[in-house]
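# Summary of the model geometry
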Amino acid sequence: MKILYYIPIICFLLVNSTLNAQEKYRSHTVKNGETITSISKVYGISESEIIRLNPEVRNGVSAFNVLILPVDDVINATSQEIKFKKHRVKRRETLFSIAKKYNVSVDDIKKFNKHLYSKELKKGEKIQIPINLKQVVTEVVDPNNNENGTTSEASKHTVSAKETKYGIARKYGVTIAELEELNPNIKEGLKIGDVLKVPNTSTTGSSVIEEELYEFYEVQPKEGFFRLKVKLGLSKDEIIRLNPYAKDGLKDGMILKIPKKNGEVNSEISNVINLEDGIVNRSKKKLVVMLPFQLQKVASDSLDSDKDLLKGNRTLRVALDFYSGVLMATEFAKDKGISLEVDVLDTQASDSKVTSLISNKDFSNVDAVIGPLLEKNVIKATQLLKKTDTPIFSPLSNREMKISSNLFQTLPTDAMLEKAMINFINDNSEGKNIILVSDSKRSAQKAKIISALPGTKTISLRKGAYIYVNDIQAKVDNTKENWVILESTDPVLVSNVVGLLNGMPDEAKLRLFTLDKGKVYDFHDISNFHLAKLGFTFPSINKSYNYKEPNAFVTSYKNKYGVLPNRYAVRGFDVTYDVILRLASADDVYDATNNDFVTEYIENKFHYSKKLFSGYQNNAFYIVKYDENLQLEVIK
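Computed from a predicted structure; not experimentally measured. (Residues numbered from 1 in each chain as written. Predicted model: local features only at pLDDT ≥ 70, side-chain atom pairs only at ≥ 80, totals over all residues. Heavy atoms only, no water.)

Residue placement: Thr-164 occurs in the loop between strand S5 (154-158) and helix H6 (165-171). For the pair Thr-164 and Lys-191, spaced 27 residues apart in sequence, the C-alpha separation works out to 9.4 Å. (Helix = DSSP H or I, 4+ residues; strand = E, 2+ residues; numbered from the N terminus.)

This is the structure in structure tokens:
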């Protein structure tokens, strides 16, 4: 008899567990004036149940909060227990891609990871995926909708001339997505006279007047006030003054109004910013530095042999200088409260060693790789780490290479520098007499210059690749400034031209330019005094710091190593510190590079742009000239 007594209890437990496993949810968007109490009465559920499912509203709800509420009716009940799989979110994964991977719906994932109703996915977080959940489609009627499908707290808005979705959405304090959800027919566009369902409270005046005075901006995922200051040039206080409802924080899709400049939108967003002011992510950053130290060649018991190795191995010297800058960058970062874990790997300047290092290490949690140094090693590492989407910063190679989506080219290409110099000359060429001297090896550059500057006068080289002073005099116009462009990789020709230009009288008003300074101007026969007198102007990937001016990095470096940093040490600091600060200002470097801004440090600046179907390229550089004190002056 006791067994018969247990049967209904067992059946109840089985059914109850089935109902819990198959519990269905509906969403409810909070309307103006609604409270947890009023919502609980409408749906006939307890306030504690609403709070249990939506812990973020424990202190109350706000308009447009999205709540998760249980559905009363459950169909297709099954006694099968739901099983879950833990999934660690990878970089660039979305709820849609994860749902597709496991053949479940996005809603199914959200049901068992409630925080995803109100928060974005984050790289590295673990979520649970129902892997044997049977889909039960239950059509639920929203109590807030009447039989005609109109919302009880909605009003109507008739579209007038010149109105846009942005203006209307902002007028009623909703996002574009929410406006389109209320009015699915406007997804393809608005028409004059369209009658739209909108919230019954307007937050602004006429949307037409606002559109004549302001531009509208839609807040993107993960954007905060710091990002918008970078992007729009407006402080938090300025944004809130123009958009009072932003005082409670920004959200994805929010429409902000921003002032127009002289009747036009201010599109200058490539501002130089200080990322030290935007540190928000203080989680430990994991970096890997890959440099060709070639430790296998270092003799453990012979100081003289090691000295000889350093003298004869330029790659090793560059690697050590660069690394000294890396170390300084990590110290500066720690002073800012940024926690770091840095692994240093010796690539031995070998592709096979790069392959071995990557094969024997887990890079899935690495935030960024700095290096390798050599181009061939960069290509190999990029290929191998593409599967984990690990960002690689190539520190010293600016040659054109096939860029993968995870590669950051930190140096602008020669082609960019050439184009910038031609554009600079062209923009400032009015009233100037342009003269070109070029050898056969720079024929491509010669063609570009003549194409961009059709009035350019060319000087033909004499047999033996040199010119006479009368060759220049024949092209000089003493009534104008004479800008001479010298394109050559031959130090003899460069020395010849520079010497002749310096010997000409002052009334010639000469200035010297080149598209690529290269190493040829370092030839011992070419005087820096002569170059300074000619106002020698050229494009450069870096500027030169003045050791006489106060500089925290230079002072700290000299105190630590006893010498002033050379350009490779400075480069190591600038590249590494920029990467670290980008990681500290966003979730990852990809996210930190989505916005259009420039960062600048001791000698280098960075402005990355994403290439279509490819990686990231630094487009930042300088136009510099020698001044009378033999210092490089930045003119652009």
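Glancing now at the packing of aromatic side chains. Throughout the structure, instances matching the rule amount to 22 aromatic pairs. Taken together, a centroid distance of 6.0 Å and an interplanar angle of 70° make the contact between Tyr-577 and Tyr-601 edge-to-face. Placement of the pair is Tyr-577 in helix H21 (residues 567-584) and Tyr-601 in the loop between strand S21 (597-600) and strand S22 (605-606), with a sequence separation of 24 residues. Comparing Tyr-577 with Tyr-601, the two get one shared label, buried. An angle of 50° between the planes, with centres 6.1 Å apart, marks the rings of Tyr-601 and Phe-606 as tilted. Looking at Tyr-601, the relative accessible area reads 14%, which means it is buried. Note that Lys-517 overlies the ring of Phe-538, its terminal NZ or CZ placed 5.8 Å from the centroid. (Phe/Tyr/Trp six-rings, centres within 6.5 Å; stacked < 30°, edge-to-face > 60°. Buried < 20%, exposed > 50% of the residue type's maximum accessible area, 1.4 Å probe, protein only. Lys NZ or Arg CZ within 6 Å of the ring centre and 35° of its normal.)

Okay, the pairing of strand S19 (residues 510-513) next. Of the two faces of S19, the one carrying Leu-510 and Leu-512 and the one carrying Arg-511 and Phe-513 are both buried. As paired elements, strand S18 (residues 481-487) and S19 share 4 bridges and run parallel to each other. Considered in S19, the bridge of Asn-482 is made with Leu-510. Considered for its hand, the β-α-β crossover made up of S18, helix H18 (residues 491-502) and S19 is right-handed. (Pairing = 2+ DSSP bridges. Right-handed = clockwise from strand over helix to strand, strands pointing away.)

Strand order across the open sheet formed by 7 strands is S12-S11-S13-S14-S15-S24-S23, with mixed pairing between neighbours. For this open sheet the edge positions go to strand S12 (340-346) and strand S23 (608-610), each flanked by a neighbour on one side alone. Each neighbouring strand pair of the sheet contributes to a mean axis angle of 25°, computed without reference to strand direction. As defined by bridge partners, strand S14 (residues 392-394) adjoins strand S15 (residues 407-409) across 3 bridges and the pair is classed as parallel. Across the sheet, residue Phe-393 finds its bridge partner in S15, namely Phe-408. (Axes fitted to C-alpha atoms, helices over the stretch in contact; angles between N-to-C directions.)

Next up on the list: the pattern of salt bridges. Under the defined criterion, the tally for this structure stands at 12 salt bridges. Between Glu-276 and Lys-336 there is a salt bridge, with its nearest N and O atoms 3.8 Å apart. Note that Glu-276 is positioned in the loop between strand S10 (271-273) and strand S11 (285-291) and Lys-336 in the loop between helix H12 (314-335) and S12, a separation of 60 residues in sequence. Among the salt bridges present, the one from Asp-578 reaches Arg-582, with a minimum N-O distance of 2.8 Å. Highlighted residues: Asp-578 and Arg-582, both in helix H21, separated by 4 residues, approximately one helical turn. Given the relative accessible area of 1%, Arg-582 is considered buried. Linked through salt bridges whose partners overlap, the residues forming this network are Glu-418, Arg-442, Lys-448 and Glu-487. (Salt bridge = Lys/Arg side-chain N within 4 Å of Asp/Glu carboxyl O.)

We now examine the pairing of strand S20 (residues 537-540). Residues Thr-537 and Pro-539 of S20 are buried on one face, and the alternating residues Phe-538 and Ser-540, pointing to the opposite face, are buried as well. Where S20 lies against strand S25 (residues 622-626), 4 bridges are found, and the strand directions are antiparallel. Across the sheet, Ser-540 pairs through a bridge with Tyr-622, a residue of S25.

Topologically, Glu-418 is positioned in helix H15 (residues 414-427). Overall, the relative accessible area of 6% leaves Glu-418 in the buried class. Apart from residues no more than four positions distant in its own chain, Glu-418 is found in contact with Arg-442, Gln-445, Lys-448 and Leu-515. (Contact = heavy atoms within 4.5 Å.)

Attention now moves to the layout of surface pockets. One number sums up the size of the second largest pocket: a volume of about 1,600 Å³. Lining the second largest pocket are 41 residues, and of these Lys-519, Ile-541, Asn-542, Arg-567 and Tyr-568 sit closest to its centre. Residue assignment for the lining of the second largest pocket shows that the elements contributing at least two residues are H12, H15, S20 and H21. The leading source of residues in the lining of the second largest pocket is H21, at 4 residues. Split by residue class, the lining of the second largest pocket holds 18 nonpolar, 12 polar and 11 charged. (1 Å grid on protein atoms, 1.4 Å probe; cavity = no way out; pocket = protein on both sides within 12 Å on 5 of 7 lines; lining within 4 Å. Points joined across faces, edges and corners; volume = space filled by probe spheres on them. Nonpolar A, V, L, I, M, F, W, Y, C, P; charged D, E, K, R; others polar.)

Now for the side chain of Thr-599. Inspection of the secondary structure assignment puts Thr-599 in strand S21. Judged by relative accessible area, Thr-599 falls into the buried class, the value being 0%. Side chain to side chain, Thr-599 and Asp-578 meet in a polar contact 2.7 Å long. (Polar contact = N/O pair within 3.5 Å; in protein donor to acceptor, adjacent residues only side chain to side chain.)

Between Gly-371 and the following residue, Pro-372, the backbone shows a cis peptide bond with an omega angle of -5°. The backbone of Asn-103 sits at a positive phi, close to 60°, despite the residue not being glycine. Along the chain, Asn-103 turns up in the loop between helix H4 (95-102) and helix H5 (106-111). With a phi angle near 55°, Gln-294 is a residue other than glycine that sits in the positive phi range. When you line up the elements, Gln-294 lands in the loop between S11 and helix H11 (303-312). Of the residues examined, Gln-294 reaches a relative accessible area of 5% and is grouped as buried.

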